[in-house]
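Letter by letter, the chains look like this.
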Amino acid sequence: ECRNNSKKSIWRYLLMKHQYNYDQIDGKAVPPLVIKSDFVLVGLHIGTVYVEFGTLQLNGVLQGTLDVLPGTKVVINGEQQGTVSISPGAVVIVNGKINGTVSIESGGNLLIEETGKLAGTLSNEGLVFLRGVFGGASSGNGQLRIEGNGFIKTPVTRNGIQYYEW
């Protein structure tokens, strides 16, 4: 039995291997896309993506969950529309856009480059380098380092409603 939380996290991922749930898309059960080596995703993909090994380059649009497991890397040049989960030892580099929720575990890293944008909620227990723009709610005990021209958008309030203008 593992008593260390990080060991439990890694053990949980090992146990989950090849036991992913199917997505329900248009009333049909669709298996997730499981990345096991370097892979480039172009065009539109709808559904969950698990990155188990290697580097995923997202050059198109992903509408769904992106689960970045320990020791892997994702480079978003296109657009992620949905949830991104970043595990310990995983790295996500954003040159394009994330529209959705990002959750970073302790030991996980998110780099929002100068051309990158995160529009959504950030739950940060890891490390974020912000060189681009972030607009949305944030929580967690992780670090957010603003570098270069990076900035956090201020919401606009009209008629009592807060929102972000992009």
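Rules of the game
Residues numbered from 1 in each chain as written. Predicted model: local features only at pLDDT ≥ 70, side-chain atom pairs only at ≥ 80, totals over all residues. Heavy atoms only, no water. Helix = DSSP H or I, 4+ residues; strand = E, 2+ residues; numbered from the N terminus. Buried < 20%, exposed > 50% of the residue type's maximum accessible area, 1.4 Å probe, protein only. Contact = heavy atoms within 4.5 Å. Pairing = 2+ DSSP bridges. Axes fitted to C-alpha atoms, helices over the stretch in contact; angles between N-to-C directions.

A.B. asks: Honestly, the overall build of the chain in this entry has me stumped. Any pointers?
C.D. replies: In terms of regular secondary structure, the chain is built from one helix and 25 strands. Taken across its 166 residues, the chain has 40% of its residues classed as buried. Of all intrachain contacts in the chain linking residues separated by at least 6 positions in sequence, the fraction that spans at least 24 positions is 8%.

A.B. asks: When you look at the sheet that holds strand β7 (residues 55-58) in this model, what are you seeing that I'm missing?
C.D. replies: Picture the strands of a sheet paired through backbone hydrogen bonds; they go either parallel or antiparallel. With parallel pairing, the seven strands of this open sheet are ordered in space as β4-β7-β10-β13-β16-β19-β22. Because the sheet does not close on itself, it has two edges, and the strands there are β4 (39-41) and β22 (143-146). Ignoring strand direction, the axes of neighbouring strands in this sheet form an average angle of 10°. With four bridges connecting them, strand β16 (residues 109-112) and strand β19 (residues 127-130) associate as parallel partners. Bridging across to β19, Ile112 finds its partner in Leu130.

A.B. asks: Explain the pairing of β16 to me, please; I cannot follow it from the model alone.
C.D. replies: Side-chain positions along a regular strand alternate between the two faces of the sheet. Going residue by residue along β16, you find Asn109 and Leu111 tucked away on one face and Leu110 and Ile112 tucked away on the opposite face as well. For strand β13 (residues 91-94) and β16, the ladder comprises four bridges, and the chain directions are parallel. The residue of β16 that forms the bridge with Val94 is Ile112.

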